Amino acid sequence: MKKTLIPLLVAGTALIATGCDQKATTDASAPVINKADAIAIVNGKYIAKATFDSLEKEIAERSQGQAFPKEKLLEELIQRELLVQDAIQKQLDKTPEVADRLEEAKKSILTQAEVQNFMKANPVTDAEIKAEYDSKVGAGSNNTEYKARHILVKTEAEAKKLIAELDKGADFAKLANKNSLDGKEAQNGGDLGWFVAGQMVEPFSKAVIALEKGKYTKEPVQTQFGWHVILREDSRAQTPPPLEAVKEQLMPMLQRKKVQDMLENLRKQAKVEILMKDEPAKPAEAPKPAAEAAKPVTEEVVVEEEIKDKDGKTVAKETIVEEVTEEKAPAAEEKKPEAAKPAVEKKK
């Protein structure tokens, strides 16, 4: 994913919140800015100090704390205001394309304002945080840690052969060192250390949970990495981190839940008529020109957000959907798919 810093010259953002004095304004909806609250005047129109502060803050955040001279930032706002005034004079804001984009920007700002207003009126309470903690992290959650070894091979037949050797008394660690495809674990007897079930892929974690202490799987376990023979060495109750240690991680989860509940309630009360109809699949399109292919694309991505203790261990997780904007560059050539890592990946 490509991240782009705000250019200092003619950046297209919604930070151009410039106002004008009461005499000069022709827009009755524009905010009135007193001269005392302005940082510059451009053709009789005031640029608010708040606008300058917002730009300075945004630049600092997007440039990871890099500071820019204040005079450059002020010149940036002056240039923007000059361009805005010239565009309005030419009535570019009245053209269909620009009017549509302005309307979309307005909707986006109102959407954010509505969510912020809702959260201000319905803040997450300490009681809600405590309840979420008890459910996801504390006594109400599965706080068992497991210690296991595994041997990873390519085929089921290979795994069954290893199980047969174990049945005859073979040493698990030695078999892992000799046969496992899992690089690191192949050097330490297949030892995976201590982990919680959620850190492993599902078929693997289910197999570990089902095993008794000191027992190994009598049937190979298949995952996307290959076939596993698993030995459960031990288990223990995991001490959950204190509430204060994970409070900041729980807060955004609860905020999202509140907003989602609010949206679902609005949806139930609204009268919605779907006009879009299912269309037959379109034939494959010809490759787009490079300039067009490089446009930012917004997609919904399902991700898992983890709650970790001070040692970095996952103690709870939640599945969320996020909108991700990615600037997709044109492909120069088709890349060969990478081979799957022969490992049971832990989520860090």
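Residues numbered from 1 in each chain as written. Predicted model: local features only at pLDDT ≥ 70, side-chain atom pairs only at ≥ 80, totals over all residues. Heavy atoms only, no water.

Description of a nonpolar patch on the surface
Taken together, Val272, Ile274 and Met276 make up a surface patch of nonpolar side chains, about 360 Å² in accessible area. Considering the arrangement of structural elements, one finds Ile274 in the loop between helix H8 (243-269) and helix H9 (290-293). The exposed category is assigned to Ile274, whose relative accessible area is 61%. (Patch = residues over 30% accessible without salt bridge, like charges linked within 9 Å, V, L, I, M, F, W, Y side chains within 5 Å. Areas by Shrake-Rupley, 256 points an atom, 1.4 Å probe, with all protein chains shown as cover. Salt bridge = Lys/Arg side-chain N within 4 Å of Asp/Glu carboxyl O. Helix = DSSP H or I, 4+ residues; strand = E, 2+ residues; numbered from the N terminus. Buried < 20%, exposed > 50% of the residue type's maximum accessible area, 1.4 Å probe, protein only.)

Quick notes on helix H2 (residues 70-89)
Here H2 contains 20 residues, and its C-alpha end-to-end distance of 29 Å stays within 8% of the 28 Å for a straight helix at 1.5 Å per residue. The set of residues buried in H2 consists of Leu73, Glu76, Leu77, Arg80, Glu81 and Gln85. Taken down its axis, H2 places every buried residue within 165° of arc, on the same side. Turned more than 90 degrees from where H2 packs its buried face, Glu71, Lys72 and Gln89 sit exposed. One or two residues past the end of H2 sits Gln91, with phi positive at roughly 60°. (Expected span 1.5 Å × (residues − 1). Arc of directions from axis to C-beta.)

Quick notes on the pattern of salt bridges
As enumerated under the stated definition, the model contains 18 salt bridges in all. Between Asp86 and Lys90 there is a salt bridge, and its shortest N-O distance comes to 3.0 Å. Judged by relative accessible area, Asp86 falls into the partly exposed class, the value being 32%. The partner of Arg236 in a salt bridge is Glu145, and the shortest N-O contact between them spans 3.0 Å. Here the residue Arg236 occupies a position in strand S6 (residues 226-237), and Glu145 occupies one in strand S3 (residues 144-153), the gap between them amounting to 91 residues. One salt-bridge network, in which partners are shared between bridges, spans Lys147, Arg149, Asp191 and Glu233.

Considerations on the packing of aromatic side chains
Here a ring pair, both rings aromatic, is described through the centre-centre distance and the interplanar angle of the planes. Scanning the entire structure with this criterion turns up zero aromatic pairs. For Arg236, the ring lying beneath its charged end belongs to Trp194, and the centroid distance is 3.8 Å. (Phe/Tyr/Trp six-rings, centres within 6.5 Å; stacked < 30°, edge-to-face > 60°. Lys NZ or Arg CZ within 6 Å of the ring centre and 35° of its normal.)

Things to note about the sheet that holds strand S4 (residues 191-196)
The strand order across the open sheet formed by four strands is S4-S3-S6-S5, and the pairing between neighbours is antiparallel. Looking at which strands have only one partner, the edges of the open sheet turn out to be S4 and strand S5 (221-223). Looking at each pair of strands side by side, their axes are set apart by 45° on average, direction ignored. Pairing analysis gives three bridges linking S5 to S6, with the strands arranged antiparallel. (Pairing = 2+ DSSP bridges. Axes fitted to C-alpha atoms, helices over the stretch in contact; angles between N-to-C directions.)

A look at the side chain of Arg149
Note on placement: Arg149 falls in strand S3. Setting aside its immediate chain neighbours within four residues, Arg149 contacts Phe172, Ala173, Asn188, Gly189, Gly190, Asp191, Leu192, Val229, Ile230, Leu231 and Glu233. (Contact = heavy atoms within 4.5 Å.)

Concerning the environment of Asn122
Mapped onto the elements, Asn122 comes out in the loop between helix H3 (96-121) and helix H4 (126-136). Sequence-wise, Asn122 and Val259 are 137 residues apart; in three dimensions their C-alpha atoms are separated by 9.5 Å.

What to know about the packing of helix H1 (residues 49-62) against H2
Here H1 crosses H2 at 115°, and the two axes come no closer than 10 Å. You can see that H1 and H2 cross each other, and the crossing is right-handed. Between H1 and H2, the residues in contact are Thr51, Phe52, Leu55, Glu56 and Ile59 and Lys70, Leu73, Leu74, Glu76, Leu77 and Arg80, respectively. Classifying every residue of the contact of H1 with H2 by side-chain character gives six nonpolar, one polar and four charged. (Left-handed = near helix turned anticlockwise from the far one by under 90°. Nonpolar A, V, L, I, M, F, W, Y, C, P; charged D, E, K, R; others polar.)

Brief notes about the environment of Ile33
Along the chain, the position of Ile33 falls in the segment before strand S1 (38-42). Expressed as a C-alpha distance, the spacing of Ile33 and Lys49, which sit 16 residues apart in the sequence, is 9.7 Å.

Some thoughts on unusual backbone geometry
Non-glycine residue Asn43 carries a positive phi angle of around 55°. Locating Asn43 in the fold gives a position in the loop between S1 and strand S2 (45-48). Under the relative-accessibility criterion, Asn43 is labelled exposed at 61%. The residue Gln91 is not glycine, and still its phi comes out positive at about 60°. When you line up the elements, Gln91 lands in the loop between H2 and H3.

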